[in-house]
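Overview (structure and organization)
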Amino acid sequence: MGRCLIIGCGGVASVAIHKCCQNSEVFEDICIASRTVSKCDALKAKLEGTTKTKISTAQVNADNTDELIALIESYKPDVVLNLALPYQDLKIMDACLATKTHYIDTANYEPEDTAKFEYSWQWAYRERFEKAGITALLGSGFDPGVTSVFSAYALKHEFDEINYIDILDCNGGDHGYPFATNFNPEINIREVSAKGSYWEDGHWGETEPMEIKRVYNFEGVGEKDMYLLHHEEIESLALNIPGIKRIRFFMTFGQSYLTHLKCLENVGMTSIEPIMYEGKEIIPLQFLKAVLPDPASLGPRTVGKTNIGCIFRGKKDGKEKTYYLYNICDHQECYREVGSQAISYTTGVPAMIGAMLVMNGTWQKPGVYNMEEFDPDPFMDALNKWGLPWKESHNPVLVD
Ligand code: NDP
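Residues numbered from 1 in each chain as written. Predicted model: local features only at pLDDT ≥ 70, side-chain atom pairs only at ≥ 80, totals over all residues.

A few points about the overall build of the protein
Selection criterion: Secondary structure follows DSSP: runs of H or I at least 4 residues long count as helices, runs of E at least 2 residues long count as strands, and numbering of each begins at the N terminus. In this description the radius of gyration comes from C-alpha coordinates, and the expected globular size is given by 2.2 Å times residues to the power 0.38. Buried means a residue has 20 or more other C-beta atoms within 10 Å of its own C-beta, exposed means 12 or fewer, and partly exposed covers the counts in between; C-beta atoms are placed from the backbone. In this description, any two residues whose backbone-derived C-beta atoms lie within 7 Å of each other are considered to be in contact.
The secondary structure content of the protein amounts to 14 helices and 18 strands. A compact globule built from 400 residues would reach a C-alpha radius of gyration of about 21 Å, and the protein, at 20 Å, matches this within 12%. The C-alpha extent of the protein, read off along each of the three principal axes, is 55 × 55 × 40 Å. Across the 400 residues that make up the protein, the buried fraction comes to 48%. Within the protein, counting contacts between residues at least 6 apart in sequence, those at least 24 apart form 73% of the total.

And the structure:
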């Protein structure tokens, strides 16, 4: 069917690329382009001969729009799948606009110097994408991504009105290290050390980091402590789910992870303010990233499961109802299939599905859209087909 340019070749990209290669009818030709081209070449060598998908590679600095434009003009993809870091989103969107190419990503833009997650910068491209006749699909990972599609599906099939959404992200995996992060450490630590926030009655409520704790018993994992965090899908769901009164996001963390994080914070290692070290300016968090285990190396050692989903409360035919949609994913099964742990897997599979739906026209609409703005049904079917089957419960335990 078409050609996909994938930018980035880290943990999430590796899974998405494996999945594109399993789906050769749609992804006939892919180009893997990243900063370190040797990683792209190594993945190409691993996959070639196992797939009908034609694979090429390229070196690109995605902070440079002209380089991106030159690459898109020479490769001529139907879609660009951005799996680099959130810092590159706008440069890649600029290149897509200049070349009239559809755009998909998994995380919203974040300026490097402020650790501020919000959609304003990318939503500001709406009119330009509409005029150019191209689609930008924002946040096609698990959360955001699948959680957004779950919300659209619940609204379409189960409710007349959704009033409360609790998004629960549980990682019951154990990698055996005293401290490591499951995806890019810099992005991960910026996310969890930020203030918590939730949406209630039309505005944001704010908490100190990790101030609100709940305990939940997750199917497939067991009882875990979880903490209220800010998360980017809250912002778009608050606009796109009519009648919503409150949206909260909880993520599980073990006590050891939190103690390590507190200690690193207390000594200044998680700061994004540059400091001078031996005559050179360094950012402590980037230095910390360099000494922590590479998330891509966690695959073989991580055992256990993830359980991520949304609990909805609202009304159907005038009656109150509750509904829980979730996916359980096993770290070792992911490793056996694609050589990665479940956090990269649960993000990389939806990234491939989003790119597929834009490429085959199912989810094409000129403009800039969040996942819940499209018909959820084809995405829900694809989750079952491509490795992230979902489960539902009409009688879930609620979070107080
Ligand atoms: P990694 O750090 O493993 O990979 C990032 C990749 O991007 C690396 O290959 C890196 O290259 C490349 N890259 C970074 N900067 C540039 C640049 N300037 N030009 C070209 N390539 C560049 O990150 P992950 O795979 O863990 O995460 C990828 C994305 O997925 C992130 O945006 C993250 O926020 C998002 N994510 C979304 C989730 C969701 O559920 N929605 C969940 C988890 C992650 P190099 O190899 O040279 O470092």
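Next comes the rest of the description.
Details of the packing of helix H7 (residues 146–157) against helix H9 (residues 233–240)
Quick note on the threshold: To define axes, lines are fitted to C-alpha atoms, for helices over the stretch in contact only, and angles between the resulting N-to-C directions are given on a 0 to 180 degree scale. Oblique is the label for every angle not falling under 35 degrees (roughly parallel), over 145 degrees (roughly antiparallel), or within 65 to 115 degrees (roughly perpendicular). By convention, the crossing between two helices is left-handed when the near helix turns anticlockwise from the far helix through less than a right angle, and right-handed when the turn is clockwise. Ten residue types, Ala, Val, Leu, Ile, Met, Phe, Trp, Tyr, Cys and Pro, are classed as nonpolar, four, Asp, Glu, Lys and Arg, as charged, and the remainder, Gly among them, as polar.
Viewed as axis vectors pointing N to C, H7 and H9 meet at an angle of 20°, and their least axial separation amounts to 10 Å. When the axis of H7 is compared with that of H9, the two are roughly parallel. The handedness of the crossing between H7 and H9 comes out as right-handed. Contacts from Thr 147, Ser 148 and Ser 151 of H7 reach H9 at Glu 233, Ser 236 and Leu 237. The class makeup of the residues in the contact of H7 with H9 is one nonpolar, four polar and one charged.

Considerations on unusual backbone geometry
The step from Asp 143 to Pro 144 runs through a cis peptide bond, and the omega angle for that step is 5°. Tracing the chain through its elements places Pro 144 in the loop between strand E6 (135–138) and H7. Although it is not a glycine, Lys 100 adopts a positive phi angle of roughly 55°. Among the structural elements, Lys 100 can be located in the loop between helix H4 (89–99) and strand E5 (102–105). What makes Lys 100 exposed here is the crowd of 11 C-beta atoms within 10 Å. Positive phi, normally seen in glycine, also occurs at Asp 201, with a value near 45°. Structurally, Asp 201 can be placed in the loop between strand E8 (196–200) and strand E9 (203–207). Taking the C-beta count within 10 Å as the criterion, Asp 201 has 8 such neighbours and is therefore assigned exposed.

Structural notes on the domain arrangement of the protein
Our working definition: Annotation comment: domain bounds sourced from an automatic or database domain assignment.
Here the protein is described as being made up of domain 1 (2–138) and domain 2 (146–340 + 386–393). The interface of domain 1 with domain 2 comprises 15 residues on the first partner and 15 residues on the second.

As for the site of the ligand
Rules: Only the C-beta atom, placed from the backbone, is used; a residue is near a molecule or strand if that atom lies within 6 Å of it.
Taken together, 33 residues surround the ligand, and among them Gly 8, Gly 10, Val 12, Ala 62 and Gly 141 come closest. Per-element tally for the shell around the ligand: the top contributor is helix H1 (residues 11–22), with three residues. Classifying every residue of the shell around the ligand gives 16 nonpolar, 13 polar and four charged. Inspection of the shell around the ligand shows a minimum of three residues originating in each of domain 1 (2–138) and domain 2 (146–340 + 386–393).

Quick notes on the nonpolar core
Note the cut-off: To count as a nonpolar core, a set of buried Ala, Val, Leu, Ile, Met, Phe, Trp, Tyr and Cys residues must be joined through C-beta atoms within 7 Å.
Among the nonpolar cores identified, the biggest contains 107 residues, and Cys 4, Ile 6, Ile 7, Ala 16, Ile 32, Leu 81 and Ala 355 are the most heavily contacted of them. When residues of this core are assigned to their parent elements, the largest contribution, twelve residues, is made by helix H13 (residues 342–359). Both domains that meet at this core, namely domain 1 (2–138) and domain 2 (146–340 + 386–393), each give it at least three residues. In this view, Ala 16 contacts Ile 6, Leu 81, Leu 83, Gly 348, Ala 351 and Met 352; residues no more than four positions away in its chain are not counted.

Looking at the sheet that holds strand E3 (residues 54–59)
This is how it is decided: Pairing between two strands is assigned when DSSP locates at least 2 bridges connecting them.
Taken together, the seven strands give an open sheet; going across it, the order is E3-E2-E1-E4-E5-E6-E17, and neighbouring strands pair in parallel fashion. Bordering the open sheet on either side are E3 and strand E17 (367–370), each of which pairs with just one other strand. Here the strands of the sheet are splayed against their neighbours by 20° on average, with no regard to which way each runs. Pairing of strand E2 (residues 27–34) with E3, which is carried by six bridges, proceeds in the parallel orientation. By the bridge assignment for E3, Asp 29 is matched with Lys 54.

Topic: the pairing of strand E15 (residues 305–316)
Of all twelve residues in E15, nine are buried; the element is thus mostly enclosed. In terms of strand pairing, strand E7 (residues 161–171) meets E15 through ten bridges, oriented antiparallel. Residue pairing for E15: Asp 166 is matched across the bridge by Ile 311. Two elements, E15 and strand E16 (residues 319–330), share twelve bridges in a ladder whose sense is antiparallel.

What about the packing of helix H3 (residues 65–75) against H4?
Where H3 contacts H4, the axes come no closer than 9 Å and their chain directions differ by 45°. Regarding the angle of H3 to H4, the classification is oblique. Our pair here, H3 against H4, has a crossing hand that is right-handed. Only Lys 91, Ile 92, Asp 94, Ala 95, Ala 98 and Thr 99 of H4 make contact with H3, whose side of the interface consists of Thr 65, Leu 68, Ile 69, Ile 72 and Glu 73.

Quick notes on helix H8 (residues 185–192)
All buried positions along H8 are accounted for by Pro 185, Glu 186, Ile 189, Arg 190 and Glu 191. For H8, the secondary structure elements touched by its buried residues are helix H11 (284–291).

Quick look at the environment of Leu 237
Here Leu 237 is to be found in helix H9. For the pair Leu 237 and Ser 14, spaced 223 residues apart in sequence, the C-alpha separation works out to 28 Å.

Quick look at H7
The condition is simple: The length a helix should cover is 1.5 Å for every residue beyond the first.
With twelve residues, H7 extends 16 Å from end C-alpha to end C-alpha; this agrees with the ideal 16 Å at 1.5 Å per step. If you check which residues of H7 are buried, you get Val 146, Thr 147, Ser 148, Val 149, Phe 150, Ser 151, Ala 152, Tyr 153, Ala 154 and Leu 155.

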